[in-house]
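Architecture and fold: a report
Residues per chain are reported as follows:
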Amino acid sequence: VNQDRRDFLARSGKLLVLTGAAQVALESVLRGEPEAAPSYRTAEHWWGMAIDVEKCIGCGNCVRACKEENDVPREPSCFRTWVERYHVPDGDIERPQVDSPNGGYDGFPERYRAGDGAKSFYVPKLCNHCAHSPCVQVCPVGATFESPDGVVLVDKSYCLGCRYCVQACPYGCRFIDPRTRTVDKCTLCYHRITKGLTTACCEACPTGARVLGDLKDPKDPIHEFLRTHKVQVLKPQMATGSKAYYNGLDGSVR
Amino acid sequence: VPEAAKGGPHAAIRCEACHGPLAGHAADPAGKQAVRPDPRVLCARCHAANVARPARFPQVDVAEHAGGEACTTCHAAHNPLAPPAEEVKSKDLTPAGPIQQKGGTK
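These notes cover the structure that comes with them. Each residue is numbered by its place in its chain's sequence as written, counting from 1. A letter from A marks each chain and a number from 1 marks each ligand, given out in the order of writing. Where totals are concerned, whole chains, interfaces and linings use all residues; where local detail is concerned, this predicted model gives features only for residues with pLDDT of at least 70, and gives and counts side-chain atom pairs only at 80 or more. Just so you know, side-chain values use all the structure's heavy atoms and leave hydrogens and water out.

1. Points about the interface of chain B and chain A
Any two residues whose heavy atoms approach within 4.5 Å at even a single point are treated as in contact. In this complex, chain B contributes 19 residues to the contact, which on the side of chain A involves 28 residues. Three residues stand out in chain B for area buried against chain A, namely Arg14, Val51 and Ala52 of chain B, and they jointly supply 29% of the buried area on that side. Basic side-chain nitrogens of Lys or Arg form a salt bridge, by our definition, when they fall within 4 Å of a carboxyl oxygen of Asp or Glu. One can count zero salt bridges joining chain B with chain A. Within 3.5 Å is the distance limit for a polar contact, defined as a pair of N or O atoms, with the added protein rule that one can donate a hydrogen and the other accept it, and that residues adjacent in sequence qualify only through two side-chain atoms. At the boundary of chain B with chain A, the tally comes to seven residue pairs in polar contact (both at pLDDT 80 or more). Those elements that provide at least two residues to the side of chain B that touches chain A are helix H1 (15-19) and helix H3 (39-47) of chain B. Just so you know the grouping, Ala, Val, Leu, Ile, Met, Phe, Trp, Tyr, Cys and Pro go in nonpolar, Asp, Glu, Lys and Arg go in charged, and all remaining residues, Gly too, go in polar. Of the residues assigned to the side of chain B that touches chain A, the class counts are nine nonpolar, four polar and six charged. When two parts are brought into contact, each loses some accessible area as probed by a 1.4 Å sphere; the total of that loss over both is the buried area. Labels follow the DSSP assignment, with helices taken as runs of H or I lasting at least four residues and strands as runs of E lasting at least two, numbered in each case from the N terminus.

Quick look at the structure:
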């Protein structure tokens, strides 16, 4: 048997510490199938995100981190998350000027002057992970679905690339991946959150303007945020059951 | 390095926000060092004056404020209200790395 004493002790030590369910959990995570791990139960989570518009500084860290983490094509038509800059003339919330150069990937060159009688601010956007998703309802082959823990996902082996869902999403959160010709979207970093990590965008945000929250975990700080802030979701009139809660959202934001 | 940020305004920012992905460094802290980004690009991403940024967020007109000088000549990167440590000053601050290839805000 080709096994030295150190190796043997390390192995048996692991077995002693991680017995039963924990051992199976570790193995599932190492195999890359955390959803099969007994320690992560989809029924025990309900994911959402708290976004504080007043904290966003438009640095683009979230956009770069997301593209890096999820291997999103670098083309300026492919974003799982992006940042928009709003410029709203005094009192005219019906006609905001909105720009998002390369989704904010390279930051925002200054375009406006202080004191021009308008207000400017940044709005980070991503999939709202709706509880009643319009995009899921229109998929003809059932490739996209809401997971039991509240994440809208796509099974790319079923996706035909018909683009119905791209049209149906009221928030413009879906795009066709030019490499696979199937739809792609934010997965809320499902590979990370099922291992107890936060999303790449939240990890990289320097001001805490976006924070992932588990709405089923009573100890999650998102409950404190929702209690102490006046929050709004995007396009509430569409009753999508969005779980991206914005603080300080201006009426001009669409 | 994490101790250097304690008590400063950058204390709550996670390492990867500025240094990029660090999984390799976490697995092998001595062997894989974190990328040291160019402060003239990195700092400006957040702190270059921009009307759309929240007014209370610290911002400067980079050209006027620094005149091409690296921010880290006067500020410690991990705690910018303090001056930099002497051993940092003498180091070359502009190595090649993935984070500074893309343009900054200016």
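2. So, the packing of aromatic side chains
All names here are of chain A. A pair of Phe, Tyr and Trp rings is counted when the ring centres sit within 6.5 Å of each other, with Trp represented by its six-membered ring. The angle between the planes then sorts it: under 30 degrees is stacked, over 60 is edge-to-face, the rest tilted. Using the criterion set out here, one finds two aromatic pairs over all chains in the structure. Aromatic side chains Tyr86 and Phe121 sit 5.6 Å apart centroid to centroid with 5° between the ring planes, which places their arrangement in the stacked category. Taken together, the residues span a long stretch of sequence, with Tyr86 in strand E2 (residues 81-89) and Phe121 in strand E4 (residues 118-126) at a distance of 35 residues. Phe121 carries the same exposure label as Tyr86, and that label is buried. Measuring from centroid to centroid gives 4.8 Å for Phe108 and Tyr122, while their planes differ by 50°, and the two rings are tilted. You can see Phe108 sitting in the loop between strand E3 (97-99) and E4 and its partner Tyr122 sitting in strand E4, a full 14 residues away along the chain. Throughout this description, buried means an accessible area under 20% of the type-specific maximum (1.4 Å probe, protein chains only), exposed means over 50%, and partly exposed covers the range between. Judged by relative accessible area, Phe108 falls into the buried class, the value being 1%. Sitting over the ring of Phe79, Lys67 keeps its end group 4.1 Å from the ring centre. Should the NZ of a Lys or the CZ of an Arg lie within 6 Å of a ring centre and within 35 degrees of the ring normal, that charge is described as sitting over the ring.

3. As for the side chain of Lys243 of chain A
Residue and element names in this part refer to chain A. On the secondary structure map, Lys243 appears in the loop between strand E10 (231-232) and strand E11 (244-247). One polar contact links the side chain of Lys243 to the main-chain carbonyl oxygen of His129, over a distance of 2.9 Å. If sequence neighbours within four positions are ignored, Lys243 has contacts with Trp46, Trp47, Gly48, Met49, Asn128, His129, Gly150 and Leu215.

As far as function goes, none of this settles anything; it's purely spatial.
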